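Next come the chains, spelled out residue by residue.
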Amino acid sequence: MDKVAFDSSDFRNLLDNLPGMLYRCKFDQLRAVLYVNPGCLDLTGFTQHDFRGEIATLSSITHPEDRQAVWEHISFHLSQNTPWYYEYRITDKNGKLKWVSENAKGVFDDNGNLLFIDGHITDISSGISARKHHKQAPWPESNENDIRETRGFYENIINNVNVDIAVFDQENKYRLVNESAIKDEKLRQWIIGKDDYDYCIKKNVSSEIAAARYNMYKLVDTLKKPVEWIEELVDTEGNKRFYVRTVKPFKSPLATEEVGYKIVYGLNITALKLVQNELLRRENLLSVSHKLAKVGYWVWYFKVDKLDWSDVIFEILGINRTDTPLSYDNYRKYIHPADREYASKILEEGKRSRSSYSIEYRIITSEGTIKYIKEQSSAAQANEEEYIFGVVQDITDLKLSEEALANRENHFKAIAESSPVLITEVDRDRMITYINFLKVRKREDVIGASVLDLVADKYQDVFNSRLEDCFNLGHVQRLEIQGKGVAGWEWYDVNMGPVRSHNGNVQSVVLLSQNITEKKQNEELREKLIKEINHRYNELMQFNYVVSHNLRAPVANILGATYLLNMGLPEEETNNMYSYLKESAESIDKLIRDLNNVLSARSPLNEIKEDLTLSDMIKIVCYDLEQQIKNSNAVISTEISSEADQFTSIKSYIQSIIHSLLSNAIKFKDHTRPLKIAIKAVRRSEGVLIEFSDNGIGIDLNVYKDQIFGLYKRFSDQSEGKGLGLHMTKAQVESLGGNITVESEVGKGTTFKIMLSN
């Protein structure tokens, strides 16, 4: 078995999954269980909790007729300190009789005192049924199978521990070795009957290790007690490995007389050794560091009232250790008079209560120099000896640097805080280390946060890329982005500049961000107005064309009829002329009314916006079109998210838009298949998106793409109409600040998408 590092949970899991009932119990009349694996439930019907709570014990489940024989059998083998195998009957929780076999062994301490019994019980009812029912003798002879099973049980255990285990005979030859000691199975089999010298020759390594081990084996044979030492080996890769080896005299249970068997344990302590070496190295570094950092320490052993001071403390005070003895009271005399009462109070309290403290104060050295001191202490214990440990550090240079830095920072902050420009400093991890002002969020909530959190998602990649260039190349960068502001996402003109350390490396980047939201809004408004003017101009030209084209025929008819009437026609023809005049006038009137409706759709000045529920509006329109829907056998489905169902708009316009698109879908259905109309609505960041889809006859967009929403445009003779519906719908959508698009394919259907802005 390969070497595996088992922790307690792994080992418990291994035991829990063994078949049968694995147990640890006391040696008393009840045989009360200390541990049992989950296999107890299948075997006995009792749970682990039942056994641990002594609701059931190993004695209580043993058949009454076998109970005394089992007790005597166990007692005998414990007296001989030998393992045992025994077959007997138990009665499970449901009263069912079972035959079981038990492999077990007593566990003793070094003085030979019994600690507990470890064992394994399995169900052998199927095998015993063919036997004649009988009562066993108290101490049956173990057969070869029994011994093999017991040996296998314990070999499995020792092969799964993370400790090297080997057994040697009186000639110091291997009799047993586990997988932790030698992983290679062939090598493990080969070494049985060989000694350490044979192993060194086999592995082509120095025999010094074998010689050292032989000396230890001889020492154990002489002393008749365990010997322990640390062994250093070099692995195949040249790395040092350290092991704690323990050799104990060992008497084989099969031996009839005293023989020089030994059992050897080896524990890999390489990691511990490396830690110890590292601690020594750090201890040396610490000693040097204390002098460089001006850090001294003191230790007070309060039980004997002994106080030790390090050399650095004498250096801090400017006195000589040999010339000036230092006591606790003498030390307090060096504390600055202005700080003495405050510091002494804390120091005395720490000494009295033996509690930790941290304090800063000033001292006056023997030369009259004022120094700043930071002192910390804590209670500790080593080898049952309690003491208080204190650290005294000269932080004068640090204090003076802090004061100079604070003055510079105050000067910079005074300038930065009065600046209308947002000033931010970020480190290489993109974390904000400084920001001059915030109108909404608290500064402490922003310091330490990622600067990318303040940048809109679509600008984060380019923003991060420019930051990377600034850090790596040291070049000033400039870009316009959207970032978090008082009113949500606002526009900023951002300048990035590198901040270099004393060695010239870029350690941070300063961002100067000017809010240009108003400028951007003006630019967007300007672009929108230009676009709207061009759009209106194009519509006006179309409107002009339609008016002139559609008025030309009726006006010509009126002029012609007037000319003929002036010629003095017969009464019948005169009546016909009056009829022509009336038809032409009605045609002009109808055209004027249509154009008035179009203009009204574009000028919702007198309409009131109100809160609407889209699903309710669809139900109202479906009710109005109930007969058309029924006649067309249309199936209308809706899928409206809760976020998109509620919004504010002009009710009459929304109702008209729904009515126009639904009626169009019904008019231009494909008679070869059932009509299906789907209405979907979702809320996006820019507004509410509404989709009307049908499986009607469709529109050839390759031909009519630019005419879809034109005035008096029709694309099919399947149904009557003027060609005003889609034009009116587009006008109403745009008057609400939205837009409408179309997707269509002949023979498949049409989808209109309406985006109503927030």
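Parameters and conventions
- Residues numbered from 1 in each chain as written.
- Predicted model: local features only at pLDDT ≥ 70, side-chain atom pairs only at ≥ 80, totals over all residues.
- Heavy atoms only, no water.
- Helix = DSSP H or I, 4+ residues; strand = E, 2+ residues; numbered from the N terminus.
- Areas by Shrake-Rupley, 256 points an atom, 1.4 Å probe, with all protein chains shown as cover.
- Pairing = 2+ DSSP bridges.
- Axes fitted to C-alpha atoms, helices over the stretch in contact; angles between N-to-C directions.
- Contact = heavy atoms within 4.5 Å.
- Parallel < 35°, antiparallel > 145°, perpendicular 65-115°, else oblique.
- Left-handed = near helix turned anticlockwise from the far one by under 90°.
- Patch = residues over 30% accessible without salt bridge, like charges linked within 9 Å, V, L, I, M, F, W, Y side chains within 5 Å.
- Salt bridge = Lys/Arg side-chain N within 4 Å of Asp/Glu carboxyl O.
- Buried < 20%, exposed > 50% of the residue type's maximum accessible area, 1.4 Å probe, protein only.
- Expected span 1.5 Å × (residues − 1).
- Bend = angle between axes of the 7 residues up to and from the residue.
- Core = buried A, V, L, I, M, F, W, Y, C linked by side-chain atoms within 4.5 Å.
- Phe/Tyr/Trp six-rings, centres within 6.5 Å; stacked < 30°, edge-to-face > 60°.
- Lys NZ or Arg CZ within 6 Å of the ring centre and 35° of its normal.
- Polar contact = N/O pair within 3.5 Å; in protein donor to acceptor, adjacent residues only side chain to side chain.
- Nonpolar A, V, L, I, M, F, W, Y, C, P; charged D, E, K, R; others polar.

Colleague: Give a description of the overall build of the chain that names residues and reports values.
Modeller: In terms of helices and strands, the chain carries 25 helices and 27 strands. Summed over its atoms, the accessible surface of the chain is roughly 45600 Å², and 51% of this surface lies on carbon and sulfur atoms.

Colleague: Residues and numbers for the sheet that holds strand 8 (residues 227-234), please.
Modeller: Ordered in space as 7-6-10-9-8, the 5 strands form an open sheet in which the pairing is antiparallel. Of all the strands in the sheet, the pair left with one neighbour each is strand 7 (174-177) and strand 8. This sheet shows a mean twist of 25° between the axes of neighbouring strands, independent of strand direction. In the sheet, strand 8 pairs with strand 9 (residues 240-250) via 8 bridges, with the strands oriented antiparallel. Residue pairing across strands places Glu-231 opposite Tyr-243, the latter belonging to strand 9. Along the sheet face, helix 10 (residues 208-223) touches strand 6 (164-168), strand 7, strand 8, strand 9 and strand 10 (261-268) and points at about 175° away from the line of strand 8.

Colleague: I'd like a description of the packing of helix 9 (residues 196-203) against helix 10, backed by residues and values.
Modeller: Running from amino to carboxyl end, helix 9 crosses helix 10 at an angle of 170°, the nearest separation of the two axes being 9 Å. The angle between helix 9 and helix 10 falls in the class roughly antiparallel. The crossing of helix 9 and helix 10 is right-handed. Along its contact with helix 9, which presents Asp-196, Tyr-197 and Cys-200, the element helix 10 presents Ala-210, Ala-211, Arg-213, Tyr-214 and Tyr-217.

Colleague: Please give an account of a nonpolar patch on the surface that cites residues and values.
Modeller: On the surface, a nonpolar cluster with roughly 290 Å² of combined accessible area is contributed by Leu-525, Leu-529 and Ile-533. Locating Leu-529 in the fold gives a position in helix 18 (residues 517-566).

Colleague: Please set out the pattern of salt bridges residue by residue, giving values where relevant.
Modeller: One pass over the full model with this rule turns up 29 salt bridges. One salt bridge connects Arg-245 with Asp-164, and the closest N-O pair in it is separated by 3.4 Å. Residue Arg-245 is found in strand 9, and its partner Asp-164 is found in strand 6; the two are separated by 81 residues along the sequence. Take Arg-245 and Asp-164: they sit in the same class, and that class is buried. Between Asp-169 and Arg-175 there is a salt bridge, with its nearest N and O atoms 2.8 Å apart. The exposure class of Asp-169 is buried, given its relative accessible area of 2%. When its relative accessible area of 42% is taken as the criterion, Arg-175 is described as partly exposed.

Colleague: I'd like a description of the sheet that holds strand 3 (residues 84-91), backed by residues and values.
Modeller: Taken in spatial order, the 5 strands make up an open sheet running 2-1-5-4-3, and their pairing is antiparallel. Each having just a single partner strand, strand 2 (33-36) and strand 3 make up the two edges of the open sheet. Across this sheet, the average inter-strand angle for adjacent strands is 30°, counted without regard to direction. Where strand 1 (residues 21-25) meets strand 5 (residues 114-123), 5 bridges bridge the pair, whose relative direction is antiparallel. Following the sheet pairing, Arg-24 is matched in strand 5 by Asp-118. Together, strand 3, strand 4 (97-108) and strand 5 form the strand contacts of helix 5 (residues 64-80), whose direction differs from that of strand 3 by roughly 160°.

Colleague: I'd like a description of helix 14 (residues 337-353), backed by residues and values.
Modeller: In a regular helix each residue adds 1.5 Å, so 17 residues correspond to 24 Å; helix 14 covers 25 Å between its end C-alpha atoms and thus fits that length. The largest bend in helix 14 comes to about 30°, at Ala-343. When helix 14 is considered as a whole, its buried residues turn out to be Asp-339, Ala-343, Ser-344, Leu-347 and Gly-350. Just past helix 14, the residue Arg-354 takes up positive phi, approximately 55°.

Colleague: Tell me what's going on with the nonpolar core, and back it up with residues and numbers.
Modeller: Counting residues in hydrophobic clusters, the biggest one holds 38 residues, and the most contacted among them are Ile-654, Ile-658, Ile-690 and Ile-754. Breaking this core down by element, the ones donating at least two residues are helix 20 (614-624), strand 23 (646-650), helix 23 (651-667), strand 24 (676-684), strand 25 (687-694), helix 25 (725-735), strand 26 (739-745) and strand 27 (749-757). Ranked by the residues each element gives to this core, the list is headed by helix 23, at 8 residues. Those residues in contact with Ile-754 that sit more than four places away from it in its chain are Ile-657, Leu-661, Val-688, Leu-689, Ile-690, Phe-692, Val-733, Asn-739 and Ile-740.

Colleague: Before we move on, could you go through the packing of aromatic side chains and cite the residues and values that matter?
Modeller: Centre-to-centre distance and the angle between the planes together describe a pair of aromatic rings. One pass over the full model with this rule turns up 11 aromatic pairs. Centroid distance Phe-168 to Tyr-174: 4.3 Å. Interplanar angle 45°. Geometry classified as tilted. Overall, the relative accessible area of 1% leaves Phe-168 in the buried class. Linked through ring pairs, Phe-168, Tyr-174, Tyr-197, Tyr-214 and Tyr-217 together constitute an aromatic cluster. One cation-aromatic arrangement involves Lys-273 over Phe-242; the distance from NZ or CZ to the ring centre is 5.6 Å.

Colleague: Any details on helix 23? Residues and values, ideally.
Modeller: In this model helix 23 runs 24 Å from its N-terminal to its C-terminal C-alpha over 17 residues, within 8% of the 24 Å that 1.5 Å per residue would give. Among the residues of helix 23, Tyr-653, Ile-654, Ile-657, Ile-658, Ser-660, Leu-661, Leu-662, Ser-663, Asn-664, Ala-665 and Ile-666 are the ones counted as buried.

Colleague: Could you give an account of the pairing of strand 4, with specific residues and numbers?
Modeller: Direction of pairing for strand 3 relative to strand 4: antiparallel, over a ladder of 8 bridges. Note that in strand 4 the partner of Thr-91 across the bridge is Leu-97. The turn linking strand 3 back onto strand 4 is made up of 5 residues, and Gly-95 within it adopts a positive phi angle of 85°. In sequence, strand 4 turns back onto strand 5 through a hairpin of 5 residues, with Gly-112 there showing a positive phi of about 85°.

Colleague: Tell me about unusual backbone geometry, and name the residues and values.
Modeller: Its identity as a non-glycine residue notwithstanding, Asn-172 has a phi of 60°, on the positive side. Here Asn-172 lies in the loop between strand 6 and strand 7. Although it is not a glycine, Asn-633 sits at a positive phi angle of roughly 55°. By the secondary structure assignment, Asn-633 is in the loop between helix 21 (626-632) and strand 22 (635-640). Judged by relative accessible area, which is 59%, Asn-633 ranks as exposed.

Colleague: Got a sec to walk through the environment of Ile-679? Specific residues and values, please.
Modeller: One can find Ile-679 in strand 24. Given a relative accessible area of 0%, Ile-679 falls into the buried group. Sequence spacing of Ile-679 and Thr-751 is 72 residues, and the spatial spacing of their C-alpha atoms is 9.6 Å. Filtering out sequence-adjacent residues up to four positions away, Ile-679 remains in contact with Ile-618, Ile-636, Ser-637, Thr-638, Glu-639, Leu-662, Ile-690, Glu-691 and Phe-692.

Colleague: Help me get a handle on the pairing of strand 22, residues and values and all.
Modeller: Of all 6 residues that make up strand 22, 0 are buried, and the element is exposed over most of its length. The pairing of strand 22 with strand 24 spans 6 bridges and is parallel. Within the sheet, the bridge partner assigned to Glu-639 lies in strand 24 and is Lys-680.

Colleague: Just give me the short version of the environment of Thr-517, but keep the residues and values in it.
Modeller: Inspection of the secondary structure puts Thr-517 in helix 18. Once the C-alpha coordinates of Thr-517 and Gln-482 are considered, the two residues, 35 residues apart in sequence, prove to be 8.8 Å apart. A distance of 2.9 Å separates the side chain of Thr-517 from the backbone nitrogen of Trp-491, its partner in a polar contact.

Colleague: Let's hear about the side chain of Thr-613: which residues, and what values?
Modeller: Note that Thr-613 resides in strand 21 (residues 609-613). One polar contact links Thr-613 to Gln-646, side chain to side chain, over a distance of 3.2 Å. Apart from residues no more than four positions distant in its own chain, Thr-613 is found in contact with Asp-645 and Gln-646.

Colleague: Summarise the packing of helix 20 against helix 23; cite the residues concerned and give the values.
Modeller: For any two helices packed against each other, the geometry is given by the interaxial angle and the distance between the axes. Look at helix 20 against helix 23: their axes get within 10 Å of each other, and the N-to-C directions meet at 55°. Our classification of the angle between helix 20 and helix 23 gives oblique. Handedness of the crossing formed by helix 20 with helix 23: right-handed. Here Leu-614, Met-617, Ile-618, Ile-620, Val-621, Cys-622 and Asp-624 of helix 20 come into contact with helix 23, specifically with Lys-651, Ile-654, Gln-655, Ile-658, His-659 and Leu-662. A per-class count over the contact of helix 20 with helix 23 returns 9 nonpolar, 2 polar and 2 charged.

From the geometry alone we can't say anything about function, so treat these as descriptive.
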